[in-house]
Amino acid sequence: MGSRTSPVRRPITIRRAVARDAKRLTRLVRGSRAYEGEYASAVAGYRVGPDYIEAHHAFVAVDPAEHEGQGGRILGFYSLVLAPPELDLLFVADDAQGRGLGRLLVTHMQAQARAAGLDRVRVVSHRPAEDFYHRVGAVRIGTARANPPAVPWDRPEFEFRILPE
């Protein structure tokens, strides 16, 4: 993925995900072009269910001016697991990339982690997202080994260091 620098053009709302968002989040994950070809097995059949949303700190970036269902169009989302601290999911809709939404979601995640008293958050990255994580301040700490059949490739492992305000 190349460098993306255009700013978010309209006000974006970040709110806690709710159970009724589950189908839209599942579509966002399964429809991601970053998971085409050799990476398709990682999201084939993947489901973000209401139970997942309730169990984790999941937040969505919504454009209230674009209407897709109630409350606007979901442009991206992330999920923060508190114990052990991990950014489990981070997705931005393909047509919304390059507008700063990923960076906005990471900044929001860091604030949530700080509020929860965390000093570090681990993320196992998808290889094509490695440059993105470097750009938003994550530090490479290792490699997560392949876990066939769903994930037959090694993945870069990063850490966000959560600094006090």
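Scroll up to find the structure this text is about.
Everything in this summary refers to the structure shown in the same document.

Counting across every chain of the model gives eleven salt bridges. For E159, the salt bridge is made with R120, and the minimal N-O distance between the two is 2.7 Å. One end of the pair, E159, is in strand β7 (residues 155-161); the other, R120, is in strand β5 (residues 120-124), with 39 residues separating them in the sequence. When its relative accessible area of 13% is taken as the criterion, E159 is described as buried. Between R140 and E130 there is a salt bridge, with its nearest N and O atoms 2.8 Å apart. Here R140, found in strand β6 (residues 139-144), pairs with E130, found in helix α4 (residues 130-135); they are ten residues apart in sequence, far enough to count as distant. Residue E130 is classed as partly exposed on the basis of its relative accessible area, which comes to 22%.

Attention now moves to the side chain of E157. Turning to its location among the elements, E157 is positioned in strand β7. A distance of 2.4 Å separates the side chain of E157 from the side chain of R122, its partner in a polar contact. Excluding its chain neighbours within four sequence positions, the residues that come into contact with E157 are R122, V123, V124, V139, R140, I141, G142, T143 and A144.

Our focus in this paragraph is unusual backbone geometry. The step from A83 to P84 runs through a cis peptide bond, and the omega angle for that step is -10 degrees. With respect to the helices and strands, the residue P84 is situated in the loop between β3 (73-81) and β4 (86-92).

Conventions we followed
Residues numbered from 1 in each chain as written. Predicted model: local features only at pLDDT ≥ 70, side-chain atom pairs only at ≥ 80, totals over all residues. Heavy atoms only, no water. Salt bridge = Lys/Arg side-chain N within 4 Å of Asp/Glu carboxyl O. Helix = DSSP H or I, 4+ residues; strand = E, 2+ residues; numbered from the N terminus. Buried < 20%, exposed > 50% of the residue type's maximum accessible area, 1.4 Å probe, protein only. Polar contact = N/O pair within 3.5 Å; in protein donor to acceptor, adjacent residues only side chain to side chain. Contact = heavy atoms within 4.5 Å.

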